[in-house]
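Now for the letters of each chain:
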Amino acid sequence: RPDILCIGSVLWDVIGRTGREMGLGHDVPGRISRLPGGVALNIAQALVREGMRPALRTVLGRDAAGEDLARAGKAMALDCNFITWHDDLPTDQYMAIEGSGGLVAAIADAHSLELAGDTILAPLTDGRLGDQTAPWSGIIALDGNLTEDLLGGIADNPLFVAADLRLAPASPGKARRLLPLLTHPGATIYVNRIEADLICGTRFETAEQAARGLRSLGARRVLVTDGGNEMAEAGPDGVLIALPPPVDVLRVTGAGDTFMAAHIAAEARGLTGSAALDAALKITAIYVSETSL
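Numbering of residues starts from 1 in each chain and follows the order in which that chain's sequence is written. Local features in a predicted model are, by the rule used here, given only for residues with pLDDT of at least 70; side-chain atom pairs are given and counted only at 80 or more, and totals for whole chains, interfaces and linings are based on all residues. Water and hydrogen atoms play no part in the side-chain values, which are based on all heavy atoms of the structure.

## Quick look at the overall build of the protein chain
Stage number 1. The numbering of helices and of strands both runs from the N terminus, where a helix is a DSSP run of H or I of at least 4 residues and a strand a run of E of at least 2. Of regular secondary structure, the protein chain possesses 8 helices and 14 strands.
Stage number 2. Only C-alpha atoms enter the radius of gyration, while the globule expectation follows 2.2 Å times N to the 0.38, with N the number of residues. Against the 2.2 N^0.38 benchmark of 19 Å for 293 residues, the protein chain shows a C-alpha radius of gyration of 18 Å, consistent with a compact globule.
Stage number 3. A principal-axis box enclosing the C-alpha atoms of the protein chain has dimensions of 55 × 50 × 35 Å.
Stage number 4. All accessible-area figures derive from a Shrake-Rupley calculation using a 1.4 Å probe, and residue coverage is judged against the displayed protein chains alone. In the structure as shown, the protein chain presents an accessible area of about 13,200 Å², 52% of it carried by carbon and sulfur atoms.

The structure is reproduced here in structure tokens:
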């Protein structure tokens, strides 16, 4: 039985990185990599590094890209037995450009995941991972690449009433998709300050302000990061503040997913409060200061 279900995007990341500053229309030398990615896979991969046993719930096209992704996932010790395969949809992909100042631009093509709809939830209804009489009672990581309709349905679905839901928006442009789940009694939301701005429809100066703003909308528990600045956790017991270790940032794609996974793993080991935040921030600092190229 898996420790956690990671439901959402599993795709190919095509990342171009350069040590130079980038602007509109710039053409500079750098490195281009093609790596297994997607929010659900990034989280699952980071969980494996922390000793947990995640299972992926996603859709892959029955094409060469999808077959390669499944093989890569199994090589990472990920449970791929619950993946939905589709004959008519291509495997999704993500493309990003990163310069010396961080992410310059990115495009996520997760149309196949969106079109698959609630078919990816089948193992939670047919007894393989739960059903109406015995719903899944463990941790579920959900990402905002799922459609707003599907996320809204999960918010009211008795199959998720006992779950410990951990939510990631996937990108600022999809942050508001999480709105239906803000008040779920088992939800913990991981966002950056910009995503919090978009969800709340205002601009916050600090992560603490953003965390308090999300709580005022009814969110049960939120964790808000802000790059190298102070981050904040807000919940029923109050607000915690933590400062990430100073490092030279060499990559940013997947940093938020790494933090979320590291925090989940820290709590699974029994850490709480500031201890869990500090453990997650240290792991994330190592991730962003190492290049994957």
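Once the structure has been displayed, the description carries forward.
## Concerning helix 1 (residues 39-49)
Helical periodicity: at 3.6 residues per turn, an α-helix aligns residues three or four positions apart in one direction.
Stage number 1. Any residue under 20% of the maximum accessible area for its type is buried, any over 50% is exposed, and the rest in between are partly exposed; the area is computed with a 1.4 Å probe on protein chains only. Within helix 1, 8 of the 11 residues are buried, leaving the element largely enclosed by the surrounding structure.
Stage number 2. Regarding helix 1, the residues found buried are V39, A40, L41, N42, I43, A44, A46 and L47.
Stage number 3. Once helix 1 finishes, G51 follows within two positions and takes phi at roughly 90°, a positive value.

## Considering the pairing of strand 13 (residues 231-235)
Stage number 1. Counting buried positions along strand 13 gives 5 out of 5 residues, so the element sits mostly inside the fold.
Stage number 2. Side-chain alternation along strand 13 places M231, E233 and G235 on one buried face and A232 and A234 on a second face that is also buried.
Stage number 3. When DSSP finds at least two bridges between two strands, those strands are taken to pair. Examined bridge by bridge, strand 12 (residues 222-225) and strand 13 share 3 bridges and lie antiparallel to one another. Across the sheet, residue L223 finds its bridge partner in strand 13, namely E233.
Stage number 4. From the end of strand 12 to the start of strand 13, which pair antiparallel, there are 5 residues, and G227 there has a positive phi angle of about 60°.
Stage number 5. In this sheet, strand 14 (residues 238-242) lies alongside strand 13 in antiparallel orientation, the contact comprising 5 bridges. Following the sheet pairing, E233 is matched in strand 14 by L240.

## With respect to the environment of P169
Stage number 1. The topology assignment puts P169 in the loop between strand 10 (164-168) and strand 11 (187-192).
Stage number 2. Overall, P169 belongs to the buried group, its relative accessible area being 4%.
Stage number 3. Here a residue-residue contact requires only that any non-hydrogen atoms of the pair lie within 4.5 Å. Beyond its immediate sequence surroundings of up to four residues, P169 is in contact with G144, K174, A175, L178, Y190, V191 and E195.

## Overview of the nonpolar core
Stage number 1. Residues I7, I140 and L142 are the most contacted members of the largest nonpolar core, which totals 42 residues.
Stage number 2. The leading source of residues in this core is helix 6 (residues 207-216), at 4 residues.
Stage number 3. Excluding anything up to four places from it in sequence, I140 contacts I4, L5, I7, F160, A163, D164, L165 and R166.
Stage number 4. By size, the runner-up hydrophobic cluster in this structure holds 35 residues, among which are L41, L60, L223 and M260. To form a nonpolar core, buried Ala, Val, Leu, Ile, Met, Phe, Trp, Tyr and Cys residues must be joined to one another through side-chain atoms within 4.5 Å.

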